[in-house]
Every structure is written in C-alpha cells, then in structure tokens.
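# Per-entry structural report
Here is what each chain is made of, one letter per residue.
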Amino acid sequence: MMFERTRDIDYEPIKNIDCHCFLSILYFFSFFMTTRTTELSRDLLSTIRVSKIFQDSDGPITSLSFNDSGVTCLTTAEDDSLRVYDALEGSSKATVFSKKYGATLARFSHHDNNVIYASTKEDDTLRYLSLFDNKFIRYFRGHKKRVTTIDVSPIDDRVLTASLDETVRLWDLRSSTGQGVVHGQGRLVAAIDPQGLVFAVGTNTNIIHMYDIGEYTRGPFSSWSIEDPIYPSTPIPEWTSIKFTANGKYIIITTVGDNMYVVDSFNGRIMHRLIGNAGPNDASTNGEEVSLTPDGRFVMAGGSDGRVRVWDLLQNDNIDIEPFLSLSSPHKDPIKAAEFSPSHAMFITASDGLAMWLPVSQPQ
C-alpha cells in the first residue's frame, strides 16, 4: 500500500498578536469560510497555528463544547470548574464552580446561557445549569454509574446519555422525567445523527445498533457487527465514543488505541481505518480528544504525545488512512479534549491548559 507522507509541523505560536489583531484575523476567516464553496481544505488547515493560550484551570481540562453559533466555548476541568470563553474575541468570559458535585462532559443546550453536564461526585445525576444566574434549572436522575456520553439533539431539546451502568437514556430538557432507556452490555457509547431522527448505540466494543429516535421502543432497525477489516481475529481496542460526521454519511468510532474506524452509517460497513494516532490508552477517556469538521470531511485528534493530527476522509483509495497533517502543540501532557468550531475556521485543544488555533494566511 502507498501512503501520502504526513506533514509534520512544529509548534510555533502566532507572535505579537493582540486582541484586536486576533479579532481581525478571525473575522477575515469567518468571511472567507462563509463565502467560499469549499469551506475547509488541506491548504487552509496546514496554515493553522496556536493564537491564544489560557492557563486558568488548576487541573486538567476534561471536556470541550461549542455553542450553536461556534462563538462561545465551554470547558470542564478536574478542579470542578466550568469555564466559558469567547472564541471570537479570544477571551475568558465566566467561571462557575461545581465543587459539591464535580463536573464533566458539559454541553450547551440550544439556549446559549444553559448547559447540561455530568456529575463526578456524590452521584451520577445530570445537572442543567443556567450560566446567567448560576442556578440549576433541572436535575436528571437515573444513571447509577459514571456518565460517558452526553449528546444534545441538533434539532430540539432532547439529550442522549450513556453510562457505565450499561444504559442509554433519552431525556427532554423541559422535563426531569426520563423519556426512555435502552439497555445494553459492556461499555455503551451513543450519538444522535445530524438530522436528529436516528441515534446509534455501540455495545460491548463490537456492535452498533441503530434506532429511530421516535420509535426506539420497537428496538433497533439495524444492527451491525464491527470487526477490524485487516485483522478480523484481533479484537478492536475498547471504544470510547461514536460520532456522526456532519453530513451523516459516516460514524467515527474512537478507541483507547492508536486506530479509529470509519463506518458507513447506512450499512455498517467499515470504510476506513484512521491509523497513525497516538491514542489515549486510557479507558476513562470519552473520545473528547477527537473532533470532526463541520463539512464532514476531516477528523482531528489530540494525541497522548501532545500532537494534533488530521485525517482527510476524501483520501479514500485505501482502507487505511494516515494523517496528512501533524502539528505539535503547547500542551506538555496528553491532549484531553479537542473541538472544531461549527461555524469558524478555528479549533481548540485542551490538556493542562487551553489553546485556540487559527489559520495565519489565506491558502493559495
């Protein structure tokens, strides 16, 4: 097999950038991204560099989430903090602590001031919080062990969660009463498709079940056994998450190992293996270090070696796809979370601190 050589780029932050310059660059690329037919390209991603670094948390950051507009970013950390950043201005906006309950896997709802997150202390209740006045709106009780997935429907207030208690639960943010539960075996991972009509549940690191979100009580309408196409007799490393690409064509399976898998979301066939990653090798991770671009083309992963790698799903001549880009980062420890903005040409990575990344020049 022939592979294209990965382009390695060492960490070099944008020098002498002030807030005004940061804002001007992002405005330019926001305009560029929304007026071009091809929103993202290899050339554009190859120019991306760290533009801003924050060292606000007293512990490693554990999750990242953008709001719908892609302007505001939310993090959780092991110091029990929830921090809000303005990605457009490159500034920290607010900090809320959840010292009594802990916090992880925080997600914005479709209301910019409201977030849902999982507890790490006392119990495994989900908490729906207003950042405007720092008051809880609602509690969602049901999970008995650590929550590993929180996925907000792209079209309404439904939320899908998975837990080590071997259940997947469906909620509506307008009611504390659970809307339904799916039982499985082993570690469960789950995701809602981009149209908000279907959800996928991964069970026991070898099966994906597909459910109609409105008729899930009838059971899955499709179930697929997942095996490594190159080494079918070798078990796939433990799954940490599943994610739909924005175009709905694929499901990305993230694992504790160095490989990820690209599955056709209509027939369950493995289309590609994404190789060459420095996987987390940590069963407590939830796939937060992997993000997909809003056009459905690129997969980005923060590595345990502190590097950021990017794969191109259009590079599809071979079953194995190597990253076309490998960027060094300012993070000294493994990257715990990474997220691409749903609306701007930028992404954020997190570990011991937070790094905002921006293109530095228009591709030729």
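A brief look at the structure comes next. (Residues numbered from 1 in each chain as written. Predicted model: local features only at pLDDT ≥ 70, side-chain atom pairs only at ≥ 80, totals over all residues. Heavy atoms only, no water.)

### A closer look at the sheet that holds strand S30 (residues 354-359)
Two orientations exist for strands paired in a sheet by backbone hydrogen bonds: parallel and antiparallel. The sheet built from four strands is open, its strands ordered S2-S30-S29-S28 with antiparallel pairing. A strand with exactly one partner marks an edge of an open sheet, and here the two such strands are strand S2 (48-54) and strand S28 (337-340). Sheet twist, expressed as the mean angle between neighbouring strand axes with direction ignored, is 20°. Pairing of S2 with S30 involves six bridges; the strand directions are antiparallel. (Pairing = 2+ DSSP bridges. Helix = DSSP H or I, 4+ residues; strand = E, 2+ residues; numbered from the N terminus. Axes fitted to C-alpha atoms, helices over the stretch in contact; angles between N-to-C directions.)

### Overview of the pairing of strand S16 (residues 198-203)
Burial of S16 is extensive: six of the six residues sit out of reach of the surface. Burial along S16 is two-sided: Val-198, Ala-200 and Gly-202 and Phe-199, Val-201 and Thr-203, pointing in opposite directions, are all buried. Relative to S16, strand S15 (residues 188-192) runs antiparallel, the two being bridged by five bridges. Considered in S16, the bridge of Ala-191 is made with Ala-200. The turn linking S15 back onto S16 is made up of five residues, and Gly-196 within it adopts a positive phi angle of 70°. Relative to strand S17 (residues 207-212), S16 runs antiparallel, the two sharing six bridges. For Thr-203, the partnering residue across the bridge sits in S17 and is Ile-207. Where S16 hands over to S17, the hairpin turn is made up of three residues, of which Asn-204 adopts a positive phi near 55°. (Buried < 20%, exposed > 50% of the residue type's maximum accessible area, 1.4 Å probe, protein only.)

### Re the side chain of Thr-104
Position of Thr-104 relative to the elements: it lies in strand S7 (residues 104-108). Of note is the side chain of Thr-104, whose polar atom sits 3.3 Å from the side chain of Thr-62. Contact partners of Thr-104, with chain neighbours within four places excluded, come to Thr-62, Ser-63, Thr-76, Tyr-117, Ala-118 and Thr-120. (Polar contact = N/O pair within 3.5 Å; in protein donor to acceptor, adjacent residues only side chain to side chain. Contact = heavy atoms within 4.5 Å.)

### A few points about the side chain of Ser-351
Tracing the backbone shows Ser-351 in the loop between strand S29 (347-350) and S30. A polar contact is formed between the side chain of Ser-351 and the side chain of Asp-352, at a distance of 3.5 Å. Leave out the neighbours within four places in its chain, and Ser-351 touches Pro-60, Ile-61, His-331, Asp-333, Pro-334, Ile-335 and Lys-336.

### Some thoughts on the sheet that holds strand S19 (residues 239-244)
The five strands lie next to each other as S19-S20-S21-S22-S26, forming an open sheet whose pairing is mixed. Every interior strand has two partners, whereas the edge strands, S19 and strand S26 (320-321), have only one. Bridge analysis of strand S22 (residues 270-274) against S26 gives two bridges, and the strand direction is parallel. Among the inter-strand pairings, Arg-273 is bridged to a residue of S26, identified as Asp-320.

### Here's the deal with unusual backbone geometry
Positive phi is not limited to glycine here, since Glu-122 has a value of about 70°. Mapping Glu-122 onto the fold places it in the loop between strand S8 (114-118) and strand S9 (126-130). Look at Glu-122 and you get exposed, because its relative accessible area is 61%. Of note, Asn-204 is a non-glycine position whose phi angle comes to about 55°, a positive value. Within the element layout of this structure, Asn-204 appears in the loop between S16 and S17. When its relative accessible area of 42% is taken as the criterion, Asn-204 is described as partly exposed.

It is worth stressing that arrangement in space is one thing and function is another; only the former is reported here.
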